[in-house]
Amino acid sequence: QVQLVESGGGLVQAGGSLRLSCAASERIFSAMGWYRQAPGKQRELVATITFGGTTNYSDSVKGRFTISRDNAKNTVYLQMNSLEPEDTAVYYCNAAKSGVPYWGQGTQVTVSS
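Keep in mind that this is a model prediction, so the values were computed, not measured. Residues take numbers from 1 onward in each chain, read along the sequence in its written order. Confidence filtering applies because this is a predicted model: local features only for residues at pLDDT of at least 70, side-chain atom pairs given and counted only at 80 or more, and all residues used for totals across whole chains, interfaces and linings. Hydrogens and water are ignored here; the side-chain numbers use all heavy atoms of the structure.

Student: Quick rundown of the pattern of salt bridges? Include the residues and the values.
Tutor: Whenever Lys or Arg places a side-chain nitrogen within 4 Å of a carboxyl oxygen from Asp or Glu, that contact is recorded as a salt bridge. Considering all chains together, one arrives at six salt bridges under this definition. A salt bridge links Glu84 to Arg64, with the nearest nitrogen and oxygen atoms 4.0 Å apart. Placement of Glu84 in the loop between β8 (75–80) and β9 (89–97) and of Arg64 in the loop between β6 (55–57) and β7 (65–70) is noted, with a sequence separation of 20 residues between them. Exposure classes here rest on a 1.4 Å probe applied to the protein chains alone. A residue is buried below 20% of its type maximum, exposed above 50%, and partly exposed in between. Relative accessible area serves as the criterion here: at 34%, Glu84 is assigned to the partly exposed category. Note that Arg64 and Asp87 form a salt bridge whose closest N and O atoms lie 2.8 Å from each other. One end of the pair, Arg64, is in the loop between β6 and β7; the other, Asp87, is in the loop between β8 and β9, and 23 residues separate them in sequence. Given the relative accessible area of 13%, Arg64 is considered buried. We count a stretch as a helix when DSSP gives it H or I for four or more residues in a row; a strand needs E for two or more, and each element gets its number in order from the N terminus.

Student: Go over empty space enclosed by the protein, please, and point to the residues and values.
Tutor: Site definitions follow a grid-based scheme: protein atoms alone, a 1 Å grid, a 1.4 Å probe that fits but cannot get out for cavities, and for pockets an open set with protein on both sides within 12 Å along at least five of seven lines, plus lining residues having an atom within 4 Å of a point. Grid points are joined across faces, edges and corners, and a volume is the space filled by probe spheres set on the points. Counted under the stated rule, the structure contains one cavity of 30 Å³ or more. Considered class by class, the residues forming the lining of the largest cavity number two nonpolar, three polar and three charged. In this classification, the charged set is Asp, Glu, Lys and Arg, the nonpolar set is Ala, Val, Leu, Ile, Met, Phe, Trp, Tyr, Cys and Pro, and all remaining amino acids, among them Gly, are polar.

Student: Outline the state of the cysteines, supporting the account with residue identities and numerical values.
Tutor: In this description, a disulfide is simply a cysteine sulfur pair whose atoms lie within 2.5 Å. A complete count under the given rule lists one disulfide for this structure. At a sulfur-sulfur separation of 2.1 Å, the disulfide partner of Cys22 is Cys93. Because the torsion about its S-S bond is -80°, the bridge between Cys22 and Cys93 counts as left-handed. Of this pair, Cys22 sits in strand β3 (residues 18–24) while Cys93 sits in strand β9, placing them 71 residues apart in sequence. Comparing Cys22 with Cys93, the two get one shared label, buried.

Student: Quick one: what's the story with the packing of aromatic side chains, residue by residue and with numbers?
Tutor: Ring pairs are drawn from Phe, Tyr and Trp, using the six-membered ring of Trp, whenever the two centres fall within 6.5 Å, and their geometry is named by plane angle: stacked under 30 degrees, edge-to-face over 60, tilted for the rest. As enumerated under the stated definition, the model contains two aromatic pairs in all. Where Phe29 meets Phe51, the ring centres are 5.5 Å apart and the plane angle is 35°; that geometry is what we call tilted. Separated by 22 residues along the polypeptide, Phe29 in the loop between β3 and β4 (32–37) and Phe51 in the loop between β5 (44–49) and β6 bring together distant segments of the chain. A relative accessible area of 61% places Phe29 in the exposed class. Given a relative accessible area of 34%, Phe51 falls into the partly exposed group. Look at NZ for Lys and CZ for Arg. If either is within 6 Å of the ring centre and within 35 degrees of the ring normal, a charge sits over the ring. The ring centre of Tyr77 lies 4.0 Å from the NZ or CZ of Arg19, which sits over that ring. The ring of Trp103 carries Arg43 above its face, with NZ or CZ at 4.5 Å from the centroid.

Shown next, in the form of structure tokens:
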């Protein structure tokens, strides 16, 4: 089983920045991603990145967020800039191994106005 541990969440003001990290217990050779879920809403895709570094973003965060990974450290990052109150959610790291998805426990991001 793959363990994922997110960190870096917190309370920030609108317009501020935050960097999330997700450390995996082993090397992930497939794509990894960040998802988020606000109270009363479905979990939604934020960004994904392949093993080779190809990225994809939801329209709502494109231009503001940057996903990256360091495969040697088994870690994926999410740099969040120009944060908005609408970005408030629990952010989850996702990875798959042998077709089985794994999720971290999540890290809370709260953006105040």
